[in-house]
Amino acid sequence: MNGLRRMPRLLLHAIAWLPLTTISVAAQIAPPTNSLPASQSPLGDLTSLTADAKMWLQGLIKINTTNPPGNEQLAAKYILAVLQREGIAAEELPVTPGRTSVVARLRSSAVADPSRALILVAHMDVVGVDRAKWTVDPFAAIIKDGYLYGRGAIDNKAMLASNLATFIALKRANARLNRDVIFLATDDEEQFGDASIKILIAKYWDKIAAGFALNEGGNVVLKNGKVQYIAVQASEKVAVNVSVVARGTSGHASMPTKDNSVVHLSSAVAKIGGYVAPVHITAIVRRYFEGIAAVEDDEIAKWMRSLDTADRGEHAQRVISDANPQWNAMLRDTISPTMLTAGIRPNVIPAEARATLNIRLLPGDTIDALLGELNKLINDPLVRLEVQPDAGLAAPPSSLENDFYAAITKVAAQEYGGAPVLPYQSPWATDSAQLRLHNVQSYGLWPFPLTQEDLKRMHGDDERIPLASFAKGIDVESRIVAEFVMTK
Ligand SMILES: [Zn+2]
């Protein structure tokens, strides 16, 4: 979550923005009470596979892939060996020295049809740790009180292991496939540098081309031992960094000037801080609020249902935006000033002062339109706004009308006792944007039921996953994939 594309970690983790409640350890590690009595999986009994997957997750956590530098090659070799033991031919794809991806394919027929193929994507790199704050060794994969601890226990080695288990379940069951299924483990998601999925796609698209993808990014939200709802990421906002540059005359601080760059910059940043962009409700956000209203309290639900109405819409938008910073970010472009630089000496007026704005655009909104508004507001010839060169690209949202989205919705609702399944437009960016730019219908879902308390530990201290949730997630993911790829 460092760098341009990421929301502050806190915001990511508060995906549901539920008030934190105290939940007993027993409630957290027991399977959610609204999961139905297990029906036979179309892939057969997954008990021994789930035990294997737990071992793979432990094995992967023990390989330190902290990015930078990543060193994903070691994890890639581990995965390659697992696939080879299953009799699956897998291939290493070198991206940069020391950093390789792994790809493997289960074929449905002799001639591949990339537009039908499903790709299971997960990154192998993790963010760093503040060792002093961990109560266990973050790379020892320790199991304690029903939890598996370690960096990557959720983000994203749990998904990596679950993808691997799902892929291997299809192979072990000798499933008849109606489309190719591709397994892909990627590098450099956390930094989005020169070994990222963007580079991988540029180098190896022919090996990974697919019409559909399952990736990280959405959540099974667990509250009081029950799955409250399932958010399936189908779209994301676009990150753009903008410099605010004020220029004046430098001089001796003993003789103040009217064009002091620090003063002009400060005034501009204060005005930007007060700017509230207009609300644009995208189709996905509309569906999200319609769905989540069913599990919110009556008062909030009433305003969620009024967001788009002519008479009460404006008031509803204010209530919802004020109730929760994430909801606000789902409704409009947002601007966070994040950095300030000016001055070299206490007694010198600097010629230049700079601020950085981290802007998150709704898909469809343009940076030029927003900067036009800000320039009007700032109204100062000494201040300029400059777009930095590392801007994200807007990707079209994934469709909510295809068989894969239908399979995710059907199976998730079935397996989680009828909890609502909602499409989700994340305020932060994921690798799915790169896939969507290549016409892949990509959906984000960590299939594991997790509480806010556990979600907050991703990228934080004592990251952990309840083993019961890990097992349930593998079961659900493999059922979703089976529903979509198996010939009935
Ligand atoms: Zn991740």
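Quick notes on the rules
- Residues numbered from 1 in each chain as written.
- Predicted model: local features only at pLDDT ≥ 70, side-chain atom pairs only at ≥ 80, totals over all residues.
- Heavy atoms only, no water.
- Phe/Tyr/Trp six-rings, centres within 6.5 Å; stacked < 30°, edge-to-face > 60°.
- Helix = DSSP H or I, 4+ residues; strand = E, 2+ residues; numbered from the N terminus.
- Buried < 20%, exposed > 50% of the residue type's maximum accessible area, 1.4 Å probe, protein only.
- Lys NZ or Arg CZ within 6 Å of the ring centre and 35° of its normal.
- Donors = N, O, S within 2.8 Å, 3.2 Å for Na, K, Ca; no water.
- Lys, Arg positive; Asp, Glu negative; His and termini not counted.
- Salt bridge = Lys/Arg side-chain N within 4 Å of Asp/Glu carboxyl O.
- Polar contact = N/O pair within 3.5 Å; in protein donor to acceptor, adjacent residues only side chain to side chain.
- Contact = heavy atoms within 4.5 Å.

Caption draft 1: Here's a closer look at the packing of aromatic side chains. A complete count under the given rule lists 12 aromatic pairs for this structure. Consider the rings of F404 and F484, whose centres lie 4.7 Å apart with planes at 35°: the pair is tilted. Residue F404 is located in helix α13 (residues 403–415), and its partner F484 is located in helix α16 (residues 467–485); the two are separated by 80 residues in the primary sequence. Taken as a pair, F404 and F484 share a single burial class, namely buried. By the ring-pair criterion, three or more aromatic residues cluster together here, those being F212, F404, Y405, Y443 and F484. Sitting over the face of the ring of Y149, K144 holds its NZ or CZ atom 5.3 Å from the ring centroid. The ring centre of Y416 lies 5.5 Å from the NZ or CZ of K472, which sits over that ring.

Caption draft 2: Structural context of the coordination of the zinc ion. Note on the zinc ion: its protein donors are H123 (NE2), D155 (OD) and E216 (OE). The metal-donor distances range over 2.0 to 2.1 Å. Within one chain, the residues donating to the zinc ion are spaced in sequence as H-x31-D-x60-E. Separated by 61 residues along the polypeptide, D155 in the loop between β5 (147–149) and α5 (157–172) and E216 in the loop between β7 (212–215) and β8 (219–223) bring together distant segments of the chain. Each of the two residues, D155 as well as E216, counts as buried.

Caption draft 3: Quick look at the side chain of D462. Looking at the element boundaries, D462 is found in the loop between α15 (452–455) and β19 (464–466). Among buried charged residues, D462 stands out as having no salt bridge; its nearest opposite-charge side chain is R457, 4.5 Å away. Reaching out from D462, the side chain makes a polar contact with the backbone nitrogen of T135 at a distance of 2.9 Å. Leaving out residues up to four positions away in the same chain, D462 has contacts with W134, T135, V136, Y149 and R457.

Caption draft 4: Quick look at the pattern of salt bridges. Enumeration according to the criterion identifies 27 salt bridges in this entry. Among the salt bridges present, the one from R479 reaches E415, with a minimum N-O distance of 3.5 Å. Of the two residues, R479 sits in helix α16 while E415 sits in helix α13, which places them 64 residues apart along the sequence. In this structure, R479 and E415 share a single accessibility class: buried. Of the charged contacts in the structure, one is a salt bridge between E453 and R464, with a shortest N-O distance of 3.3 Å. Taken together, the residues span a long stretch of sequence, with E453 in helix α15 and R464 in strand β19 at a distance of 11 residues. With a relative accessible area of 8%, R464 lands in the buried category. When salt bridges that share partners are traced, they join E415, K472, D475 and R479 into one network.

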